[in-house]
Amino acid sequence: MYLPRKAVTSFRKGQLIFDEHQPSTGLHLVVQGRVKVTIPIDDGTETVVDIFSTDDFFGESSLLGTAQYSERAVALDNVSLMSWTSREIEEQAERQPKLGIALLQMLVKRGLDYQARLQSFALDKTRSA
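Every value quoted in this text rests on a predicted model; they were computed, and no experiment measured them.

*Asks:* I'd like to hear about the packing of aromatic side chains, residue by residue, with values.
*Replies:* Counted under the stated rule, the structure contains three aromatic pairs. Centre to centre, the rings of F18 and F58 are 6.0 Å apart; their planes meet at 25°, and the pair counts as stacked. Taken together, the residues span a long stretch of sequence, with F18 in strand β2 (residues 16-18) and F58 in strand β6 (residues 57-58) at a distance of 40 residues. Relative to F58, the ring of F52 has its centre 5.7 Å away and its plane inclined at 20°; by these criteria the two rings are stacked. Note on F52: relative accessible area 4%, which makes it buried. Each residue in the set F18, F52 and F58 is aromatic and connected to the rest through ring pairs, giving one cluster.

*Asks:* If you had to explain the side chain of S62 to someone new, which residues and values would you point to?
*Replies:* Mapped onto the elements, S62 comes out in the loop between β6 and β7 (72-75). Among the polar contacts listed, one links the side chain of S62 to the backbone oxygen of G59, at a separation of 2.7 Å. Ignoring any residue separated from it by four or fewer positions in sequence, one finds S62 in contact with S24, T25, G26, L27 and S86.

*Asks:* Describe the sheet that holds strand β5 (residues 46-52), with residues and values.
*Replies:* Pairing in this open sheet of four strands is antiparallel, and the strands run β2-β7-β4-β5 from one edge to the other. In the strand order of this sheet, the two ends are held by β2 and β5, each with one partner. The mean inter-strand angle of the sheet, taken between neighbouring strand axes irrespective of direction, is 30°. As judged from the two bridges shared by β2 and β7, these two strands associate in the antiparallel manner. Looking at the pairing, L16 lines up with V74 of β7.

*Asks:* Run through unusual backbone geometry, naming residues and quoting values.
*Replies:* The backbone phi angle of D55 is positive, close to 75°, even though this residue is not glycine. Relative to the elements of secondary structure, D55 occurs in the loop between β5 and β6. Exposure remark for D55: the relative accessible area of 59% places this residue in the exposed category.

*Asks:* An account of a nonpolar patch on the surface is requested, with residue identities and associated values reported.
*Replies:* A cluster of nonpolar residues, L104, V108 and L112, forms a patch on the protein surface that exposes about 280 Å² of accessible area. Within the secondary structure layout, L112 lies in helix α2 (residues 97-123).

Cut-off values and rules
- Residues numbered from 1 in each chain as written.
- Predicted model: local features only at pLDDT ≥ 70, side-chain atom pairs only at ≥ 80, totals over all residues.
- Heavy atoms only, no water.
- Phe/Tyr/Trp six-rings, centres within 6.5 Å; stacked < 30°, edge-to-face > 60°.
- Helix = DSSP H or I, 4+ residues; strand = E, 2+ residues; numbered from the N terminus.
- Buried < 20%, exposed > 50% of the residue type's maximum accessible area, 1.4 Å probe, protein only.
- Polar contact = N/O pair within 3.5 Å; in protein donor to acceptor, adjacent residues only side chain to side chain.
- Contact = heavy atoms within 4.5 Å.
- Pairing = 2+ DSSP bridges.
- Axes fitted to C-alpha atoms, helices over the stretch in contact; angles between N-to-C directions.
- Patch = residues over 30% accessible without salt bridge, like charges linked within 9 Å, V, L, I, M, F, W, Y side chains within 5 Å.
- Areas by Shrake-Rupley, 256 points an atom, 1.4 Å probe, with all protein chains shown as cover.
- Salt bridge = Lys/Arg side-chain N within 4 Å of Asp/Glu carboxyl O.

This is the structure we're talking about:
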């Protein structure tokens, strides 16, 4: 609501959106489809951070302005995204402070969801293989 409409970019199922070699330059909104974001591990495996679908934002680590956070985003379906650069987000937040509050609320909610997920991993019983 606080971000201007942008042209939509399309990605095919299985196509890389960004990775540690070509990092995200901003925030992405899923207009259609699903995107899997993972963190690569040195042994060649990866940890799934989350799967984002219609109306979800991802790529927020690019707002930190550092390249130390390696993330990989892949289209799980044919995907349409609307994207804003970090600079565009900063400039828009200066013009519309409510954008900054809305982003903060989204990130706090996401952090609480991740916290609940971690707690579930730690406390819930799982069957042994």
